[in-house]
Amino acid sequence: MSYQEPFRADIVGSFLRPAALKQARTKFQQGEIGRAELKAVEDREIKHVVEQQEALGLKVVTDGEFRRAWWHFDFLEHLNGATGYQGEQGIQFQGVQTSAKQVRIDGKVGFNPEHPMLEHFRYLDSVSTVTPKMTIPSPSVLHFRNAGTIDQSVYPSREAFFTDLADTYRDAVQAFYRAGCRYLQLDDTVWAYLCSDKELAAAAARGLDTAHLQSIYADVINHALADKPDDLHVSLHVCRGNFRSTWISEGGYEPVAETLFGKVGIDAWFLEYDSDRAGSFDPLRFIPEGHQQAVLGLITTKVGALEDEGAVRARLEEATRFVAKNQLCLSPQCGFASTEEGNDLAEQAQWDKLRLTLDIARRFWGQG
């Protein structure tokens, strides 16, 4: 399916899990149904959520991440050299902690050509009449919190690990392209952590060389995209944390803007701008003129209350002081359910938010 850019109204990816899907996953975990029965429910609910997105008028759809419990672990643990396990504690958000799922790097990292998410994309493609988007975690996500788990007998040097990580994602990009994907999104919390003094201090305490992480991660992404086909659109979603309507990091984009916007060869950045934690639009000045887009996440997915359309349009106008209007797009700031628990809002609210996104885009640009 061809990609027609830009989508002035876009989406990040995840949707609140419907009750039937939650019930089926619980039954599967308790051994009451088999994997084939669970897959049948997943297929049905994914087809339905795609139909809902298309009926709303979106030109891009996802599978809602309905086959996943987590936005990142479900992908990472199926890479060669990475193993999922239950740790001692989860990730600490504001006032709440996730379950203790973790990933360790215990072998030579590589992309598994039988990775299950390739088939997940193929199914999404089969039930879509508009552009299907696949979302996967960015390469930096495997390293940032898991660097301490790297088996030193496998990777005695940091450089060897990053070389394999870059090659792994280069192979992943090519594999999804061969599966028919023409719109791939890399979800990334790490670039936001690099804007946070608190998270940088915690990373340094874990032994990370924080002074060089920006350039390392930029090089890894650029290597992964070096052979990207011209008709494959790849975006990077920068997130400050999204679990049960809470967050982790805060800080504007200025500390990473020159590298992130000026040196990372991505087609579009999805940028969280729904709260003061994201700072001003000033860092957008580093986005070069051309085809690259800044998709502004001015619609929050953390609460159900609808934004004021006039206020959102005023912020879009403000952003045009730093980047051309034809390089801007609009989306929610994140998905509605980065984990299977979902954010604290009603299902109807997520559709109202997307309808508002479409309405504003049509009025601001004359197209959705």
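This text follows the structure it describes.
Read on for an overview of the structure.

Conventions and cut-offs
- Residues numbered from 1 in each chain as written.
- Predicted model: local features only at pLDDT ≥ 70, side-chain atom pairs only at ≥ 80, totals over all residues.
- Heavy atoms only, no water.
- Helix = DSSP H or I, 4+ residues; strand = E, 2+ residues; numbered from the N terminus.
- Expected span 1.5 Å × (residues − 1).
- Buried < 20%, exposed > 50% of the residue type's maximum accessible area, 1.4 Å probe, protein only.
- Contact = heavy atoms within 4.5 Å.
- Axes fitted to C-alpha atoms, helices over the stretch in contact; angles between N-to-C directions.
- Parallel < 35°, antiparallel > 145°, perpendicular 65-115°, else oblique.
- Left-handed = near helix turned anticlockwise from the far one by under 90°.
- Nonpolar A, V, L, I, M, F, W, Y, C, P; charged D, E, K, R; others polar.
- Pairing = 2+ DSSP bridges.
- Salt bridge = Lys/Arg side-chain N within 4 Å of Asp/Glu carboxyl O.
- Right-handed = clockwise from strand over helix to strand, strands pointing away.
- Phe/Tyr/Trp six-rings, centres within 6.5 Å; stacked < 30°, edge-to-face > 60°.

### Overview of helix 9 (residues 213–224)
- Helix length check: helix 9 (12 residues) gives 16 Å between terminal C-alpha atoms against 16 Å at 1.5 Å per residue, within 8%.
- Of all the positions in helix 9, only Leu 213, Ile 216, Tyr 217, Ala 218, Val 220, Ile 221 and Ala 224 are classed as buried.
- Here the buried face of helix 9 lies against helix 5 (139–144), helix 6 (158–178), helix 7 (190–193), strand 7 (233–238) and helix 10 (254–263).

### Brief notes about the packing of helix 9 against helix 10
- Close contact between helix 9 and helix 10 brings their axes to 10 Å; oriented N to C, the two are set at 20°. Regarding the angle of helix 9 to helix 10, the classification is roughly parallel. By crossing handedness, the relation of helix 9 to helix 10 is classed as right-handed. Residues Gln 214, Ala 218 and Asn 222 of helix 9 touch helix 10, and the partners they reach there are Pro 255, Val 256, Thr 259 and Lys 263.
- Taken together, the residues of the contact of helix 9 with helix 10 break down into 3 nonpolar, 3 polar and 1 charged.

### Some points on helix 4 (residues 116–126)
- Considered for burial, the residues of helix 4 that qualify are Met 117, Leu 118, His 120, Phe 121, Tyr 123 and Leu 124.
- Here the buried face of helix 4 lies against helix 2 (35–56), strand 1 (60–61), helix 3 (73–76), strand 4 (131–132), strand 5 (134–137) and helix 6.

### Side note on the sheet that holds strand 5
- Pairing within the open sheet is parallel, and its 6 strands lie in the order 5-6-7-8-9-10. Lying at the two open borders of the sheet, with one neighbouring strand each, are strand 5 and strand 10 (328–332). Adjacent strand axes in the sheet meet at a mean angle of 25°, parallel and antiparallel pairs treated alike.
- Sheet analysis places strand 9 (residues 293–299) next to strand 10, joined by 5 bridges and oriented parallel. The residue bridging Ile 299 from the neighbouring strand is Pro 332, located in strand 10.
- Where helix 6 meets the sheet, its contacts fall on strand 5 and strand 6 (183–188), and the angle it forms with strand 5 comes to roughly 170°.

### Topic: the pattern of salt bridges
- Within the structure shown, the criterion is met by 24 salt bridges.
- Among the salt bridges present, the one from Asp 164 reaches Lys 108, with a minimum N-O distance of 2.7 Å. Here the residue Asp 164 occupies a position in helix 6, and Lys 108 occupies one in strand 3 (residues 101–110), the gap between them amounting to 56 residues.
- Since its relative accessible area comes to 12%, Asp 164 is described here as buried.
- On the basis of relative accessible area, Lys 108 is assigned to the exposed category, the value being 59%.
- The closest approach of N and O atoms between Asp 209 and Arg 158, which form a salt bridge, is 3.3 Å. Of this pair, Asp 209 sits in the loop between helix 8 (197–205) and helix 9 while Arg 158 sits in helix 6, and the two are 51 residues apart along the sequence.
- Salt bridges sharing partners connect three or more residues here, namely Arg 25, Lys 39, Glu 42, Asp 43, Arg 67 and Glu 340.

### Some remarks on the pairing of strand 9
- By the criterion of burial, strand 9 is predominantly enclosed, with 7 of the 7 residues buried.
- Bridge analysis of strand 8 (residues 268–272) against strand 9 gives 5 bridges, and the strand direction is parallel. Its bridge partner being in strand 9, Trp 269 is matched across the sheet by Ala 294.
- Traced from strand 9 through helix 11 (residues 309–319) to strand 10, the parallel crossover comes out right-handed.

### Considering unusual backbone geometry
- In this structure, Glu 65 is a non-glycine residue whose phi angle is positive, near 60°.
- By the element assignment, Glu 65 lies in the loop between strand 1 and helix 3.
- The exposure class of Glu 65 is buried, given its relative accessible area of 4%.

### Notes on the packing of aromatic side chains
- Inspection of every chain in the model, using the stated rule, returns 15 aromatic pairs.
- On the numbers, 5.4 Å between centres and 85° between planes, the contact of Tyr 155 with Phe 161 is edge-to-face. For the pair shown, Tyr 155 and Phe 161 are each scored as buried.
- For the ring pair Phe 261 and Trp 269, a centre distance of 5.3 Å and an interplane angle of 80° mean the geometry is edge-to-face.
- On the basis of relative accessible area, Phe 261 is assigned to the buried category, the value being 1%.
- Since its relative accessible area comes to 0%, Trp 269 is described here as buried.
- Members of the aromatic cluster, each reached through a chain of ring pairs, are Tyr 253, Phe 261, Trp 269, Tyr 273 and Phe 281.

These figures come from the coordinates and say nothing about function on their own.
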